[in-house]
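Overview (structure and organization)
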Amino acid sequence: MSNSLQGFDVRAATFAADVEQAFWVNFWISIVLFLSVVAPMIYFAWKYNANKVKNEDVENVTHNTALEIAWTLIPTAMLMVLFYYGYTSMQVLRTMPAESESIVVKVEGLKWQWRYEYPANANGHIHKIGGAFQKPKIDDKGKVIEKGTMGITALYVPVNTNVILEMSAPKNDVIHSFFVPAFRMKEDVVPGRTTKQWFNATEVGEYDIECAEYCGTDHSYMYSRLVVLPQKEYDAWFNSAEDTPKGNFTKTGDALLQRHGCTQCHSILTDEMKIGPSLKTRLSKEQVLHVIEKGQNKLGYDMGAMPAGLATGTDAQEIAAYVAGGLKGEKPASFAACTACHGEDGRGMGGLSPDLVGYDATLLGHVFKNGKEGMIGRMPAFPEIPEDEISAIAKYLENIGK
Ligand SMILES: [Cu+2]
């Protein structure tokens, strides 16, 4: 748990992309409208500066019909576009799915914690979970001696399922706001009133919940966690009397990399080379050159082997620099030798060959299944890592690379 807004790098709910689009449409139209007023204003202030231009030199313009129509119609049209995106994306957020096809969870926000109450399960047990975030311990000098922890305050939901939150705060409390950045979803939680918000999570994972309405001293610690589980795991937990799904609490990429011991051989957040390459960037120039020169047949893609010597000399150097740079910048013409198999964008053509830019789940699947022996050394195989964990790791690594 960090103190920063986690989650804007993923879109983990059905409506997240719509909301984000509405935001950017708003943003850019606002910039255009702002500049269309302020830029001419500054220009005219400079051009008609009293030191340069005398009043009597300026022609007395009473009106300009064409200009007036234009500056009425164009901004109106732009604001209608803004309205359209704002309205349609809000409609999605505000239209609740049928309760019969949803899980309805009661959410209570109070100073300073979130609490959740589920409907009764098959055995009549009602899960009531939640509680305060354990604040980090900080010494006199402001150094963190012990990190804060979440305890059992997470909200557990199954993936690809409608969830309706019925939210309220105690009458003697204050207004809070339930905010899940990864879902682009936020709704006020008001004392003595019930507000509703729904979502349908599209990605298994853990996401931060934050209070987005300043509510007093510990507002900044009014954290919780939203844990999206595969349906089976959710059902197993829901029908038990346990407060947390056993052993499944940490499913995030970073936790998985720790658990499987990847971090013993790989640094993840820095470029430091341990036994294996840092997983922050996909390929170094030397690695690519090595493969171009020697070819490779270790990962077990259906396509088979990558032939050696497809490029040589400065061509090979140029290609290697381009690939190691994440295929950004100008594409060397010689890269055409690679696109037939790796795709124009180098992303492996939907899993036919290795993604040269990032760590997609297909590549990780091949690396885990076969291990990898290359220029740097030998990586053991991890055939037991299940698919959902592979995609969680892939997603995590892809976001770090950005
Ligand atoms: Cu609050």
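It should be emphasised that the depicted structure is a prediction, and the values quoted were computed from it without experimental measurement.

What counts, and where the lines are drawn
Residues numbered from 1 in each chain as written. Predicted model: local features only at pLDDT ≥ 70, side-chain atom pairs only at ≥ 80, totals over all residues. Helix = DSSP H or I, 4+ residues; strand = E, 2+ residues; numbered from the N terminus. Rg over C-alpha atoms; globule rule 2.2 N^0.38 Å. Buried ≥ 20, exposed ≤ 12 C-beta atoms within 10 Å, placed from the backbone. Contact = placed C-beta atoms within 7 Å. Pairing = 2+ DSSP bridges. Axes fitted to C-alpha atoms, helices over the stretch in contact; angles between N-to-C directions. Expected span 1.5 Å × (residues − 1). Arc of directions from axis to C-beta. Domains from an automatic or database assignment.

A count of helices and strands for the protein gives ten helices and 14 strands. Over its C-alpha atoms the protein spans a radius of gyration of 28 Å, topping by over 25% the 21 Å that the globule rule assigns to 402 residues. Looking at the protein as a whole, 26% of its 402 residues are labelled buried. For the protein, long-range pairs separated by at least 24 residues make up 61% of all intrachain contacts whose partners lie at least 6 apart in sequence.

With mixed pairing, the five strands of this open sheet are ordered in space as β6-β12-β11-β8-β9. Two strands close off the open sheet at either side, each with one partner strand: β6 (155–158) and β9 (185–189). Pairs of neighbouring strands in the sheet enclose a mean axial angle of 25°, with direction left out of account. Across the sheet, helix α3 (residues 231–238) touches β6 and β12 (224–229), and the angle it forms with β6 is around 130°.

When strand β1 (residues 102–110) meets strand β2 (residues 113–117), the two strands line up antiparallel, connected through five bridges. The residue bridging E108 from the neighbouring strand is R115, located in β2. Two successive antiparallel strands, β1 and β2, enclose a turn made up of two residues. Sheet topology note: the β2/strand β3 (residues 128–131) ladder contains four bridges and is antiparallel. Along β3, the bridge assignment pairs E117 with K128.

Here we come to helix α7 (residues 313–324). Between its first and last C-alpha atoms α7 spans 17 Å; for twelve residues at 1.5 Å apiece the expected length is 16 Å, and the two agree. Looking only at α7, the buried set comprises I319, A320, Y322 and V323. In an axial view of α7, the angular spread of the buried residues amounts to 165°, which keeps them on one side of the axis. Opposite the packed face of α7, turned more than 90 degrees from it, sit the exposed residues G313 and T314. Within two residues after α7, G326 carries a phi angle of roughly 75°, on the positive side.

Here the focus is the domain arrangement of the protein. According to the domain assignment, the protein consists of domain 1 (16–54 + 61–94), domain 2 (99–251) and domain 3 (254–401). Centre-to-centre separation of domain 1 and domain 2, based on C-alpha positions: 40 Å.

By the burial criterion, the buried members of helix α6 (residues 285–294) are V288, L289, V291 and I292. Down the axis, α6 shows its buried residues gathered within 165° of arc, on one side only. Residues of α6 that are buried in the fold lie against α7.

Locating L229 in the fold gives a position in strand β12. On the basis of neighbour counts, which here come to 24 C-beta atoms within 10 Å, the residue L229 falls in the buried class. Along the backbone, L229 and E203 are 26 residues apart, and their C-alpha atoms lie at a distance of 8.6 Å.

So, on to unusual backbone geometry. Put simply, K111 and W112 share a cis peptide bond, and its omega is -5°. Within the secondary structure, W112 is located in the loop between β1 and β2. In this structure, R184 takes a positive phi of about 55° despite not being glycine. Its place among the elements puts R184 in the loop between β8 (176–180) and β9. What makes R184 buried here is the crowd of 24 C-beta atoms within 10 Å.

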